[in-house]
Amino acid sequence: MVSGTGSNLAALLAAHDDPGYGARVVAVVADRRGIRALDIAAEAGIPTAVVSVKDFDDRAAWDAAVAETVSVFQPDLIVLAGFMKLFGATFLERFGGRIINTHPALLPAFPGAHGVRDALEYGAKVTGCTVMVVDEGIDTGPILAQAAVAVEPGDDETSLHERIKVVERSLLVEWVGRIARGGLTVDGRHAEVG
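Residues numbered from 1 in each chain as written. Predicted model: local features only at pLDDT ≥ 70, side-chain atom pairs only at ≥ 80, totals over all residues. Heavy atoms only, no water.

**Some points on the side chain of Asp 31**
Counted only if it meets this: Counting from the N terminus, the helices are DSSP H or I runs at least four residues long and the strands are E runs at least two residues long. Burial classes follow relative accessibility: with a 1.4 Å probe on protein chains only, a residue under 20% of its type's maximum area counts as buried, one over 50% as exposed, and anything between as partly exposed. Polar contact criterion, stated in full: a pair of N or O atoms within 3.5 Å, where within protein one must be able to donate a hydrogen and the other to accept it, and residues adjacent in sequence count only if both atoms are side-chain atoms.
Structurally, Asp 31 can be placed in the loop between β1 (28-30) and α2 (36-43). By relative accessible area, Asp 31 is classed as buried at 4%. Here Ser 3 takes part through its side chain, which lies 2.7 Å from a polar atom of the side chain of Asp 31. Of the polar contacts made by the side chain of Asp 31, one reaches the side chain of Lys 85; its length is 2.9 Å.

Dropping the structure here:
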């Protein structure tokens with residue numbers, strides 16, 4: 001699932017060409033039209049769908065429509081690859097425990113849409129990225145993996161975020177493959193692969 005440029009999607013597509021990887025991208029669902037990620041999917045021959053919030057009367061109707069759309073593709077795992085919307089009860093009840101996401105900070109520190117900015121404003125010397133299982137909260141799900149990224153002197157939000165994204169893509173690709181090959185088990189705050 002995507003909302004933007006598709007750099008995470010491109011990394012997953014590159015990995016899925018390796019037969020030993022264990023995972024295949026079966027579809028790409030976006031929350032808005034005209035984004036680069038949809039072009040990347042189309043260029044790779046991957047089916048796409050767009051389910052935009054603005055096309056529905058309320059978030060509950062959108063959530064139900066996204067759940068129906070995703071279910072058509074029968075995914076084993078749902079990867080939020082830069083997807084910037086929160087799911088409601090309908091989607092989470094249908095797919096809970098098999099949705100993963102990334103965040104550009106070492107959770108539980110600096111959750112929310114501005115993790116990089118918040119880490120800089122706080123004066124953190126180390127930040128990073130997290131791969132987690134999605135739950136009903138904002139960046140509160142069980143943590144699968146984390147990687148640290150040093151905050152360098154002179155960093156601004158853009159420079160730090162670019163370095164985090166490189167690490168984040170690699171971590172996401174690694175853990176999607178591990179889940180595909182070994183399965184994912186979620187027990188409360190703990191998520192395990194294999």
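**Section: the packing of helix α1 (residues 7-16) against helix α6 (residues 157-182)**
Stated formally: An axis is simply a line fitted to the C-alpha atoms; with a helix, the fit covers only the stretch in contact. Between two such axes, the angle follows the N-to-C directions and lies from 0 to 180 degrees. Just so you know how the angles are binned, under 35 degrees is roughly parallel, over 145 roughly antiparallel, 65 to 115 roughly perpendicular, and the rest oblique. Left-handed describes a crossing in which the near helix is turned anticlockwise from the far one by less than a right angle; the clockwise case is right-handed. Throughout, a residue-residue contact means that at least one pair of heavy atoms, one from each residue, lies within 4.5 Å. Polarity classes work like this: nonpolar for Ala, Val, Leu, Ile, Met, Phe, Trp, Tyr, Cys and Pro, charged for Asp, Glu, Lys and Arg, and polar for all others, with Gly in that last group.
One way to put it is that α1 packs onto α6 with a least axis distance of 9 Å and a crossing angle of 45 degrees. In terms of their interaxial angle, α1 and α6 are classed as oblique. Crossing hand, α1 versus α6: right-handed. The segment α1 lies against α6, with Ser 7, Asn 8, Ala 11, Leu 12 and Ala 15 engaging Arg 169, Leu 172, Val 173 and Val 176. Looking at the contact of α1 with α6 residue by residue, the class counts come to six nonpolar, two polar and one charged.

**Concerning unusual backbone geometry**
In this structure, the amide linkage connecting Leu 107 to the following residue, Pro 108, adopts the cis form with an omega of 10 degrees. Among the structural elements, Pro 108 can be located in the loop between β4 (99-103) and α5 (115-122). The residue Gln 74 is not glycine, and still its phi comes out positive at about 50 degrees. Secondary-structure assignment places Gln 74 in the loop between α3 (59-72) and β3 (78-80).

**Topic: the pattern of salt bridges**
For the record, the criterion: Whenever Lys or Arg places a side-chain nitrogen within 4 Å of a carboxyl oxygen from Asp or Glu, that contact is recorded as a salt bridge.
Counting across every chain of the model gives 10 salt bridges. For the salt bridge of Arg 94 with Glu 68, the shortest nitrogen-to-oxygen distance reads 2.6 Å. With Arg 94 in helix α4 (residues 89-95) and Glu 68 in helix α3, this residue pair connects regions lying 26 residues apart in the sequence. What makes Arg 94 partly exposed here is its relative accessible area of 38%. Overall, the relative accessible area of 45% leaves Glu 68 in the partly exposed class.

**Some details on α1**
What counts, and what does not: Directions are taken from the helix axis to each C-beta atom, and the arc is the one they span.
Those residues of α1 not exposed but buried are Asn 8, Leu 9, Leu 12, Leu 13, Ala 15 and His 16. Buried residues of α1, viewed axially, fall in a sector of 160 degrees; they line one side. Looking at the buried residues of α1, the elements they touch are β1, α2, β3, β4 and α6.

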